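A closer look at the structure
The chain contents come next:
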Amino acid sequence: MRQFYIFIKCELGRTYEVASQIVDEVAETRQVHSVSGAFDLLAQFAVEAEADIGRFVNRKIQTIPGVKDTQTIICFNAFTADRGLGED
């Protein structure tokens, strides 16, 4: 699985509506948080290793009514106590 995050800027007054639609209709969603700063939401997703993340963002997130802008952050490695901290 490939993990990534998307910062999402929403049209004024539509943040909760956009968050609900992501949670309810995008199966790959892991978490959605409202955040402060330049964006309104931070959403975490997981897709199959061979998935095209750019196409996913373009087709499943940017087309949601009320989404104004996005910024995608692709994860390289997850560092947890049980994975990723040992020797190579």
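Up top is the structure.
These lines cover the structure that appears in this document, whether it is placed above or below. The structure presented is a predicted model; accordingly, all values stated were derived computationally and were not measured.

**Considerations on the packing of aromatic side chains**
In the structure shown here, the tally under the stated rule is four aromatic pairs. Here Phe45 and Phe56 contribute two aromatic rings whose centre-to-centre distance is 5.3 Å and whose plane-to-plane angle is 65°, an arrangement assigned as edge-to-face. Linking Phe45 in strand β3 (residues 41-47) with Phe56 in helix α2 (residues 53-61), this pair joins segments that are 11 residues apart in sequence. Judged by its relative accessible area of 0%, Phe45 is buried. Phe56 sits in the buried class, given a relative accessible area of 8%. Between the NZ or CZ atom of Lys9 and the centre of the ring of Phe39, over which it lies, the distance is 5.7 Å.

**Description of α2**
Along α2, the positions that sit buried rather than exposed are Ile53, Phe56, Val57 and Ile61. For α2, the angular spread of the buried residues around the axis is 95°, confining them to a single face. With a side-chain oxygen lying 3.1 Å from the backbone nitrogen of Gly54, the N-terminal cap of α2 falls on Asp52.

Reading the values: rules and limits
Residues numbered from 1 in each chain as written. Predicted model: local features only at pLDDT ≥ 70, side-chain atom pairs only at ≥ 80, totals over all residues. Heavy atoms only, no water. Phe/Tyr/Trp six-rings, centres within 6.5 Å; stacked < 30°, edge-to-face > 60°. Helix = DSSP H or I, 4+ residues; strand = E, 2+ residues; numbered from the N terminus. Buried < 20%, exposed > 50% of the residue type's maximum accessible area, 1.4 Å probe, protein only. Lys NZ or Arg CZ within 6 Å of the ring centre and 35° of its normal. Arc of directions from axis to C-beta. Polar contact = N/O pair within 3.5 Å; in protein donor to acceptor, adjacent residues only side chain to side chain.

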